[in-house]
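Results of the structural survey
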Amino acid sequence: MSAPRPAVSAPALAPTPARALSRRGVLTAVGALGLGGLVTACDGDSDSAGGKATNSSTGGGTWRFKDDRGTTAEADRTPKRLVAFVGAAAALHDLGIECTGVFGPTKLANGEPDPRAGGIDVAKVTILGNTYPQFNVERYAGLRPELLIAQMTEPPALWYVPEESAEKIESLAPSVGILTAKSSLTHVIGRFAALAKSLGADLTADPVTSAEERFASASATLRRAAGAARAKGRGGLKVMAVAASADILYVAAPDAFTDLRFYESLGVGFVTPSKTGAGGFWHELSWENADMYEADLILVDNREGNLQPADLKKTRPTWARLPAVRADRTFPWAVEERYSHAGYAPRIEQLAAALRQSEPVTS
């Protein structure tokens, strides 16, 4: 692929030329190479959570959920046979809701679970496709799906649903799209919680509330660490988020990524590119110009298929010359972490620790 795969917005709904262009553009532009308050309300019946949802664990009554496309998915009973993009399935798993099938990066090349699968037992779910645009439509139909769930970065495109078969796939079951780009992290987590609640999740269960408490504590810790970082010499610490391919270094626009936007709201100082390409996610730099921006700490997209710091330091001279690289201040960035308190609490703790350990190295 020619661009990073963070937050890529997979496909749209019906195959129109404009939609097809948008889908390819986003998967290229946002998908990296290889592609206020700390806690929000999670009430699935509240308008702020994204629409009214009525559900019955006994199967009676009508279930409905309004998604981030403004579309209301409906069924005559609470859906049980769920199929989801693996990151969405992992977020629901953390809230007590299990999916029958998944699509998207579920297993690594060595057969181990992809980190994006979170706590899902990948041996117990049907995998419809592990890489884009893999999606076994026949196997999907055979699961008799009652609901399809996916993330979005550019609505109405559903993440990792191939444009060539999107119309067929979405004709087989109602679908829900949750917007995960250019939004508040806590809002997105709340949207998944609202969906889980509508599907029968108990949001007062100990694992759920414990993860919520850890997330709040981690966020407070990061706010303190960011404050301390701002007080360090030379104007405080500058953080830059990137993804790397053989030909291009992608510098992230912090406001486009939900996690970076949240960290910035807690006081983390990010390098903001002077311009961005398609979708507003990245400034694409040739390696000859990779030292355009300087930072004291660099977050590197750590997904399989992206070049990582050890290889970059050996093979890309301009990377090796960056002040943060010379000071060995690079840090893994989980661009596609699952949107749950359990998923993000450890990431926030790790970033806080990295800030505490870093010192200014730029002029």
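Residues numbered from 1 in each chain as written. Predicted model: local features only at pLDDT ≥ 70, side-chain atom pairs only at ≥ 80, totals over all residues. Heavy atoms only, no water.

**With respect to the confidence of the model for the protein chain**
Filter applied, for reference: Confidence of the predictor in every single residue is expressed as pLDDT, which spans 0 to 100. When checking whether two residues touch, look at their non-hydrogen atoms; a contact exists if any pair is within 4.5 Å.
In this model, the protein chain carries an average pLDDT of 86, and 83% of its residues clear a pLDDT of 70 or more. Across residues 1-59, confidence stays below pLDDT 50; counting only partners more than four residues off in sequence or on other chains, it has 209 contacts.

**Section: the packing of aromatic side chains**
Test applied: Stacked, tilted and edge-to-face pairs are distinguished by plane angle, under 30 degrees for stacked and over 60 for edge-to-face with tilted covering the rest, among Phe, Tyr and Trp rings (Trp via its six-membered ring) whose centres lie within 6.5 Å. Here a strand is any run of E in DSSP of at least two residues, a helix any run of H or I of at least four, and the numbering for each starts at the N terminus. Think of it in three bands: residues with accessible area under 20% of the maximum for their type are buried, residues over 50% are exposed, and the middle band is partly exposed, with areas taken using a 1.4 Å probe on protein chains only. We count a charge as sitting over a ring when the NZ of a lysine or the CZ of an arginine lies within 6 Å of the ring centre and within 35 degrees of the ring normal.
Tallied over the entire structure, the rule returns 16 aromatic pairs. Taking 5.3 Å as the distance between ring centres and 70° as the angle between the ring planes, the aromatic pair formed by F257 and W333 counts as edge-to-face. Of the two residues, F257 is situated in the loop between β9 (248-252) and α7 (258-265) and W333 in strand β12 (residues 330-333); the sequence distance between them amounts to 76 residues. Each member of the pair F257 and W333 is classed as buried. Directly above the ring of F281 sits K182, whose terminal nitrogen or CZ lies 4.9 Å from the centroid.

**Considering the sheet that holds β12**
Short version of the rule: Should DSSP find at least two bridges between two strands, the strands are regarded as paired. Structural elements are reduced to axes, namely lines fitted to C-alpha atoms, with helices fitted over the stretch in contact, and the angle between N-to-C directions of any two is expressed from 0 to 180 degrees.
Judged by pairing direction, the sheet is mixed, and its five strands sit side by side in the order β10-β9-β8-β11-β12 without closing on themselves. The open sheet has two free edges, formed respectively by β10 (282-286) and β12, since each of these has just one partner strand. Averaged over all pairs of adjacent strands, the angle between their axes in this sheet comes to 30°, without regard to strand direction.

**Considerations on unusual backbone geometry**
What you tend to see is this: most non-glycine residues have negative phi, and most peptide bonds are trans. Here the amide bond leading from Y132 into P133 is cis, since omega sits at 10°, within 30 degrees of zero. With respect to the helices, strands and loops of the structure, P133 is situated in the loop between β5 (126-127) and α3 (137-142). Between P155 and P156 the backbone carries a cis peptide bond, its omega angle lying at 5°. By the secondary structure assignment, P156 is in the loop between β6 (147-152) and α4 (166-171). Look at R144: it is not a glycine, yet its phi comes out positive at around 50°. With respect to the secondary-structure elements, R144 resides in the loop between α3 and β6. Notably, K182 is not glycine yet its phi reads approximately 55°, a positive angle. Taking the relative accessible area as the measure of exposure, K182 reaches 39% and is therefore partly exposed.

**Remarks on the pairing of β6**
As a reminder, the rule being used: Viewed with both strands pointing away, a crossover whose connecting path from the first strand over the helix to the second turns clockwise is right-handed.
Most of β6 sits out of view: six of its six residues are buried. Residues of β6 alternate between two faces, with L147, I149 and Q151 on one and L148, A150 and M152 on the opposite face, all of them buried. Strand direction decides the pairing type here: β6 and strand β7 (residues 175-179), joined by five bridges, are parallel. Looking across to β7, one finds that I149 is bridged to V176. Taken together, β6, α4 and β7 form a β-α-β motif whose crossover is right-handed.

**Quick look at the sheet that holds β5**
Within the open sheet, the five strands sit side by side as β5-β4-β3-β6-β7. Their pairing is parallel. The open sheet has two free edges, formed respectively by β5 and β7, since each of these has just one partner strand. The strands that helix α2 (residues 86-94) touches are β3 (82-85), β4 (101-103) and β6; relative to β3, the one it contacts most, it runs at about 120°. Strands β6 and β7 of the sheet are contacted by helix α5 (residues 185-198), whose axis makes an angle of about 160° with β7.

**Quick look at the nonpolar core**
The condition is simple: In this description, a nonpolar core means a group of buried Ala, Val, Leu, Ile, Met, Phe, Trp, Tyr and Cys residues linked to one another through side-chain atoms lying within 4.5 Å.
Counting 91 residues, the largest nonpolar core has F103, Y263 and L299 as its most contacted members. Counting 18 residues, the second-largest nonpolar core is a separate cluster that includes V251, V271, A290 and Y293.

**Brief notes about α5**
We apply this condition: Take the residue count of a helix, subtract one, and multiply by 1.5 Å to get its expected span.
If you check α5, its first and last C-alpha atoms are 20 Å apart, about what 14 residues at 1.5 Å a residue would give, namely 20 Å. With twelve of 14 residues buried, α5 lies mostly within the body of the structure. Taken together, the buried positions of α5 are L185, T186, V188, I189, G190, R191, F192, A193, A194, L195, A196 and S198.

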